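Summary of structural features
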Amino acid sequence: MNVLVLNAGSSSLKFQLMNTKTREVFTKGNCERIGLTDGIFGHVEGDGEKVKEIVDFPDHGTAIRKVIELINEHGFEMEAFGHRIVQGGWHFEDSALVDDEVLAKIYEVAPLAPLHNYAEAGVIEHCRETYPELPNVAVFDTSFHMGMPPAAYTYALPTEVREKLHIRKYGAHGTSHRYVSARCAELMGKPIEELKLISCHMGNGSSICAIDGGKSVDTSMGFTPLVGLPMGTRCGDLDPGVMQFIMNKYGMNIDEMLNVLNKKSGVLGVSGVSSDFRDLETAADEGNERARLALDMFDYWVAKVVGSYAAAMNGVDAIIFTAGVGENSGTTRAGICKYLGYLGCEIDPEPNKKRGEDICISTADSKVKLFVIPTNEELVIARDTRDIVNG
Ligand code: AMP
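Residues numbered from 1 in each chain as written. Predicted model: local features only at pLDDT ≥ 70, side-chain atom pairs only at ≥ 80, totals over all residues. Heavy atoms only, no water.

**Some words on the packing of helix H2 (residues 100-108) against helix H3 (residues 114-130)**
Running from N to C, H2 and H3 point in directions that differ by 160°, and their axes come no closer than 9 Å. Regarding the angle of H2 to H3, the classification is roughly antiparallel. In this structure, H2 crosses over H3, and the sense of that crossing is left-handed. On the side of H2, the interface is formed by Asp 100, Leu 103, Ile 106 and Tyr 107, while H3 contributes Asn 117, Tyr 118, Ala 121, Gly 122, Ile 124, Glu 125 and Arg 128. Here the residues of the contact of H2 with H3 sort into six nonpolar, two polar and three charged. (Axes fitted to C-alpha atoms, helices over the stretch in contact; angles between N-to-C directions. Helix = DSSP H or I, 4+ residues; strand = E, 2+ residues; numbered from the N terminus. Parallel < 35°, antiparallel > 145°, perpendicular 65-115°, else oblique. Left-handed = near helix turned anticlockwise from the far one by under 90°. Contact = heavy atoms within 4.5 Å. Nonpolar A, V, L, I, M, F, W, Y, C, P; charged D, E, K, R; others polar.)

Set out below in structure tokens:
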């Protein structure tokens, strides 16, 4: 089946037209600066040619029309739409065929992820109106985590408040954790039901997931994607008292405070250099101490969460590194593994130099296996779409 996978952000729309059987990607790209002037329409053709055009995208509807124009120009067939939805809230434990009720639920939980869900729901509406004959499937980043045990997802808040407002840990990056854990089991040649895995999705946003028998049993992101590890620009875990202290000192309101925590914190805030690990590694090598501290903090946090998840599962068979940092930064992987000797993790420096491919980076003697597995969220979305459409 040819599925157009759509991943809408507040001002962007990533797309990929893929055949689920052959895995062939016919075209993929990104519409950037939606809602602003000088939008960028970037796309890669099947032969690898990269094209960038300046196109104004006043809204997501214009962007999706442009994507479909491109698909039609090339004469590619499109049989279904698969949508990445960041937040499924308490409604979705699995991917779902979109009807009026599903769409209403996506809107209902949108206040939990306002930057994403409204844009994503808008794109679904557009696809349904313009192509009523094609099915739409919603694949939720949160659904992989909905089976976590209550002890892992419950916040220690008054029950009436928690229950009335549906406050709990929802997690994120579920599609990525699901893909890399299944792929890891394949690479290990074992049924996933028999494995305890820890998946480290480390990109601009980062989260770690404990996966026992193929099910997420804990994850580092929470009610929102602000918590857990320090990220590119997000603060990660923070004493809530710090917010009150800063707000009083600087006369900030809560929106201004959250803007600092979301956009000006993390490794960017600590280093004052960049949110990009490549820049931080260069600056740290040149002697920038704040950049070094930001990188050290990150490694330390990942190792600390990995250790807590090994405890939560009473063991771990393999640790997986994925996403921009996890797939590309051998120094970050080595920095994390320095803490994990007690678990029986031994990294092999040679394969650890490689990037961009599925690879085992632990020594033959390592008790816990270490893998780099490039994530493929689009493939999961396309396959879920096919399976749901085919019933
Ligand atoms: P993602 O959010 O998964 O697209 O990851 C993006 C992040 O990956 C960038 O901001 C960089 O911090 C990081 N990254 C990409 N390539 C490299 C690299 N070669 N070395 C270190 N970090 C990298």
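**Here's the deal with the nonpolar core**
Core analysis: the largest hydrophobic core is formed by 37 residues, its most contacted members being Ile 198, Cys 200, Ile 208, Val 302, Val 306, Ile 319 and Phe 321. Among the secondary structure elements, those contributing two or more residues to this core are strand S9 (196-202), strand S10 (206-212), helix H10 (277-285), helix H11 (289-313), strand S12 (318-322), helix H13 (330-337) and strand S14 (369-372). With 12 residues, the top contributor of residues to this core is H11. Judged by nonpolar contacts, the second largest core, of 25 residues, contains Leu 13, Cys 31, Val 55 and Ile 71. (Core = buried A, V, L, I, M, F, W, Y, C linked by side-chain atoms within 4.5 Å. Buried < 20%, exposed > 50% of the residue type's maximum accessible area, 1.4 Å probe, protein only.)

**Focus on the pairing of S12**
Within S12, five of the five residues are buried, which leaves it mostly tucked inside the rest of the structure. Because side chains alternate across S12, one face comprises the buried residues Ala 318, Ile 320 and Thr 322, and the other comprises Ile 319 and Phe 321, equally buried. Pairing between S9 and S12: five bridges, direction parallel. Residue pairing for S12: Ser 199 is matched across the bridge by Ile 320. One ladder, built from four bridges, connects S12 with S14; its direction is parallel. Note on S14: the bridge partner recorded for Ile 319 is Leu 370. (Pairing = 2+ DSSP bridges.)

**Brief notes about the site of the ligand**
Residues in close proximity to the ligand include Gly 203, Asn 204, Asp 276, Phe 277, Arg 278, Ala 323, Gly 324, Val 325, Asn 328, Ser 329 and Arg 355, which together make up its full environment. At 2.8 Å from an oxygen atom of the ligand is found a main-chain nitrogen or oxygen belonging to Asn 204. Interatomic distance of 3.5 Å between a side-chain N/O atom of Asp 276 and an oxygen atom of the ligand. Counting only elements with at least two residues in the shell around the ligand, the list comes to H10 and helix H12 (323-328). If one sorts the elements of the shell around the ligand by residue count, H12 sits on top with four residues. The residue makeup of the shell around the ligand, split by class, is three nonpolar, five polar and three charged. (Near = heavy atom within 4 Å. Polar contact = N/O pair within 3.5 Å; in protein donor to acceptor, adjacent residues only side chain to side chain.)

**Some words on the pairing of S14**
In this sheet, S14 lies alongside strand S13 (residues 359-360) in antiparallel orientation, the contact comprising two bridges. Pairing of Cys 360 across the sheet is with Phe 371, part of S14.

**What about the sheet that holds S14?**
Spatial ordering of the open sheet is given by S11-S10-S9-S12-S14-S13, a layout of six strands whose pairing is mixed. Unpaired on one side and paired on the other, strand S11 (215-219) and S13 mark the two borders of the sheet. Taken strand by strand, H13 contacts S9, S12 and S14, and its axis lies near 150° from that of S12.

**Focus: the pattern of salt bridges**
What the rule picks out here adds up to 12 salt bridges. A salt bridge links Glu 101 to Lys 105, with the shortest nitrogen-to-oxygen separation between them at 3.4 Å. With Glu 101 and Lys 105 both in helix H2 and four residues apart, the pair spans about one turn of that helix. A salt bridge links Arg 183 to Asp 358; the nearest nitrogen and oxygen atoms lie 2.7 Å apart. Of the two residues, Arg 183 is situated in helix H6 (residues 174-188) and Asp 358 in the loop between H13 and S13; the sequence distance between them amounts to 175 residues. Residues joined in a network through salt bridges with shared partners are Arg 183, Glu 186 and Asp 358. (Salt bridge = Lys/Arg side-chain N within 4 Å of Asp/Glu carboxyl O.)

Take it as geometry only, folks, not as evidence of what the structure does.
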